[in-house]
Amino acid sequence: MTNPTNLLQNQSFPEQSQPTTNEETTHFGFKTVAKSEKQQMVANVFHSVAGKYDLMNDLLSFGIHRVWKRFTIDCSGVRKGHKVLDLAGGTGDFTAKFSRIVGETGEVILADINDSMLRVGREKLRNLGVVGNVNYVQANAEALPFPDNTFDCVIISFGLRNVTDKDKALRSMFRVLKPGGRLLVLEFSKPILDPLSKIYHFYSFNILPKIGEVVVNDGDSYRYLAESIRMHPEQDILKQMMNDAGFEQVSYYNLSAGIVALHRGYKF
Ligand SMILES: C[S@@+](CC[C@H](N)C(=O)[O-])C[C@H]1O[C@@H](n2cnc3c(N)ncnc32)[C@H](O)[C@@H]1O
């Protein structure tokens, strides 16, 4: 039988978070592509997976994404009457929860660049009876179409990784937060335990695309998922990026030993 650790040793990965692009290029997974191309390539991924996105989330994370999301809500400080932006909100898991918390006097905006994801999200939330205080906006995180100082909380969950210009997006989130508001970034990150890291990378690069192939008939999108996780800025780099965008008191929590990290920062 093949030993997964040996397979991993034969597999070469680019170093996580190495700035190997220039002003005109960026990463799409492990590929270096023109910045102008990335948005469409990401759009193709989410158009392709939208219909089975929720099922795949549960399958691929063994349901653990629900625990990460629960923890994020507990750290959000969101209360009745608050205005929340669920950015890159996709199928609206956070919108559903926050809609209940903010109540009739509050508002949640589910914003996403991708109309397929928004459509699936809107239908799911309507079926769940989440109506009244939720609005839907198709928007790019890099250029948010909201006035300055609008939201008490902005959450971007498993979205920042896909954004072409992350610094620009963080500055845009900072702008739309009210003074005293907070940004929560839930995202895949760098595992902090070496043995776990090896198993995790074997799973990501060898098993995850195969499940994508079988369930969604699209292994490439799930290969992109694995590669984009590997290329995403690790914990301390993202913390610095948030500081550079203007956020204060930035801290992070490693979840599942750093497979995922929740970063939190404030606008004062
Ligand atoms: C992995 S899904 C996350 C969905 C949801 N937030 C969750 O946690 O389940 C990533 C989402 O980011 C969206 N996205 C990618 N680039 C974006 C951008 N530049 N601006 C806004 N949304 C974007 C995609 O369309 C997709 O719906």
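A brief structural summary. (Residues numbered from 1 in each chain as written. Predicted model: local features only at pLDDT ≥ 70, side-chain atom pairs only at ≥ 80, totals over all residues. Heavy atoms only, no water.)

**As for the environment of His-47**
Alright, step 1. Counting through the fold element by element, His-47 comes out in helix H2 (residues 35-49).
Alright, step 2. With 69 residues separating them in the primary sequence, His-47 and Ser-116 have C-alpha atoms 5.5 Å apart.
Alright, step 3. Not counting the four nearest positions on each side in its chain, His-47 is found in contact with Asn-114, Asp-115 and Ser-116.
Alright, step 4. Within the structure, His-47 has its side chain in polar contact with the side chain of Asn-114 (distance 3.4 Å). (Helix = DSSP H or I, 4+ residues; strand = E, 2+ residues; numbered from the N terminus. Contact = heavy atoms within 4.5 Å. Polar contact = N/O pair within 3.5 Å; in protein donor to acceptor, adjacent residues only side chain to side chain.)

**Quick notes on the site of the ligand**
Alright, step 1. Inspection of the region around the ligand gives 20 residues, with Tyr-53, Ala-88, Asp-112, Ala-141 and Ser-157 positioned closest.
Alright, step 2. Between Lys-69 and the ligand, the recorded distance is 3.0 Å, taken from a side-chain N or O atom to an oxygen atom.
Alright, step 3. In the environment of the ligand, an oxygen atom lies 2.6 Å from a nitrogen or oxygen atom belonging to the side chain of Asp-112.
Alright, step 4. If the ligand stood free it would expose 600 Å²; the protein chains cover 97% of that surface. (Near = heavy atom within 4 Å. Areas by Shrake-Rupley, 256 points an atom, 1.4 Å probe, with all protein chains shown as cover.)

**Examining the nonpolar core**
Alright, step 1. Among the nonpolar cores identified, the biggest contains 45 residues, and Trp-68, Val-84, Phe-98, Leu-186, Phe-188, Tyr-222 and Val-260 are the most heavily contacted of them.
Alright, step 2. Leaving out residues up to four positions away in the same chain, Trp-68 has contacts with Ser-61, Phe-158, Leu-186, Phe-188, Leu-255, Ser-256, Ile-259 and Val-260.
Alright, step 3. Grouped together as the second largest cluster of nonpolar side chains are 26 residues, Ala-111, Val-163, Ala-169 and Leu-177 included. (Core = buried A, V, L, I, M, F, W, Y, C linked by side-chain atoms within 4.5 Å. Buried < 20%, exposed > 50% of the residue type's maximum accessible area, 1.4 Å probe, protein only.)

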